[in-house]
Amino acid sequence: MRIKVINPNTSRSMTEKIGTCARAVADAGTEVVAVSPAMGPVSIESHYDEALAVPGLLQEIAAGEAAGFDGYVIACFGDPGLLAARELARGPVVGIAEAAMHAASFLARRFSVVTTLARTIGTAHHLAESYGMARFCAGIHACELPVLDLERPGSGARERIVEACRAALETDDSDVIVLGCAGMADLCEHVSQVLGVPVVDGVTAATLQVQSLVRLGLRTSKRGELAAPPPKPIVGALSGFTLAPKALPRAA
Ligand code: 5HY
């Protein structure tokens, strides 16, 4: 099978890291292709960033459909464009926040999320609510690191994240950590070893969730809400997203 892991921000080094982590857990028979859109914000840390990341994400879904991918991961903790992506895709589309929260809920009654900037905490709470995970989510915390600092040598990111996770466990009296950024995927094992609790990374959780769904022969339902969008003219700079009947938006 072929899974497309889409980092919706345009930082290629983060995309490479995400792809390495996803490939490390996928079966030998599962091809994982990690991509970033050709357009959009270099990191996603606000509602504005998130909105501007979605067109590029949808282009990558459309290109994946044309290329016959079996399923998709949206590798950003805000799960941007998730339902729109599901309208375009035949196979399963899983966001890393939903995958990580569900995985954590199998391991304990209370998990804490540690994300990047405090301004994104509200989005994570909204997602926990919408996924039915709020009763498991004991708290959501920020390490106050910009996303791109996760890639910056000398930023002290690893230490900052470990300490934020330690504090979250104490504050929330929780038992599991969910890493709230795709860019933290490579820190999962280290944080777990230092703190002695399960630490869930959404990139690997979502990759295996998509792999399992495809293995079970399960696809996105096209019966109702997530059926292909009704074609209509889309004008101006987004005109390339006009869906001809049964067609998909042109990739970049
Ligand atoms: C992410 N932003 O996973 C989110 C993290 C966040 O560019 N990749 C990003 O703070 O929501």
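Above: the structure in question.
I will try to describe carefully the structure that is included in this document. For clarity, every value in this text was computed on a predicted model and none was experimentally measured.

Basis of the calculations
Residues numbered from 1 in each chain as written. Predicted model: local features only at pLDDT ≥ 70, side-chain atom pairs only at ≥ 80, totals over all residues. Heavy atoms only, no water. Helix = DSSP H or I, 4+ residues; strand = E, 2+ residues; numbered from the N terminus. Rg over C-alpha atoms; globule rule 2.2 N^0.38 Å. Buried < 20%, exposed > 50% of the residue type's maximum accessible area, 1.4 Å probe, protein only. Contact = heavy atoms within 4.5 Å. Areas by Shrake-Rupley, 256 points an atom, 1.4 Å probe, with all protein chains shown as cover. Near = heavy atom within 4 Å. Polar contact = N/O pair within 3.5 Å; in protein donor to acceptor, adjacent residues only side chain to side chain. Nonpolar A, V, L, I, M, F, W, Y, C, P; charged D, E, K, R; others polar. Domains from an automatic or database assignment. Pairing = 2+ DSSP bridges. Axes fitted to C-alpha atoms, helices over the stretch in contact; angles between N-to-C directions.

1. Some words on the overall build of the protein
Thinking step 1. Along the backbone of the protein there are 8 helices and 8 strands.
Thinking step 2. Its C-alpha atoms give the protein a radius of gyration of 18 Å, near enough to 18 Å, the size a compact globule of 252 residues would have.
Thinking step 3. Dimensions of the protein, computed from C-alpha atoms along their principal axes, come out at roughly 55 × 35 × 35 Å.
Thinking step 4. Counting every position in the protein, which comprises 252 residues, the buried fraction comes to 55%.
Thinking step 5. Put simply, 70% of the contacts in the protein that link residues at least 6 apart link residues at least 24 apart.
Thinking step 6. For the protein, the accessible area works out to roughly 11,400 Å², and carbon and sulfur atoms hold 55% of it.

2. Things to note about unusual backbone geometry
Thinking step 1. A positive phi angle, close to 45°, is found at aspartate 79, a residue other than glycine.
Thinking step 2. In this fold, aspartate 79 is placed in the loop between β3 (71-74) and α3 (82-88).
Thinking step 3. Residue class for aspartate 79 comes out buried when judged on its relative accessible area of 5%.
Thinking step 4. One non-glycine residue, glutamate 144, lies in positive phi territory at about 55°.
Thinking step 5. Its location among the elements puts glutamate 144 in the loop between β6 (137-142) and α6 (157-172).
Thinking step 6. When its relative accessible area of 42% is taken as the criterion, glutamate 144 is described as partly exposed.

3. Details of the site of the ligand
Thinking step 1. Surveying the vicinity of the ligand reveals the residues Asn9, Ser43, Ile44, Cys76, Phe77, Thr115, Thr116, Thr120, Val147, Gly180, Cys181 and Ala182.
Thinking step 2. Take isoleucine 44: an N or O atom from its main chain is 2.6 Å from a nitrogen atom of the ligand.
Thinking step 3. Contact between the ligand and alanine 182: an oxygen atom at 2.8 Å from a main-chain N or O atom of the residue.
Thinking step 4. Taking 290 Å² as the accessible area of the ligand by itself, protein coverage stands at 96%.
Thinking step 5. The residue inventory of the shell around the ligand, partitioned by class, reads 6 nonpolar, 6 polar and no charged.
Thinking step 6. The two domains that each donate at least three residues to the shell around the ligand are domain 1 (2-96 + 205-247) and domain 2 (97-201).

4. Let's talk about the sheet that holds strand β8 (residues 199-201)
Hydrogen bonds between backbone groups are what pair the strands of a sheet, and the pairing can be parallel or antiparallel.
Thinking step 1. Spatially, β6-β5-β7-β8 is the arrangement adopted by the 4 strands of the open sheet, whose pairing is parallel. Only two strands of the sheet have a single neighbouring strand rather than two, namely β6 and β8. Mean inter-strand twist for the sheet, computed between neighbouring axes without regard to direction, equals 25°.
Thinking step 2. The pairing of strand β5 (residues 111-115) with strand β7 (residues 176-179) spans 4 bridges and is parallel. Looking at the pairing, valine 113 lines up with valine 178 of β7.

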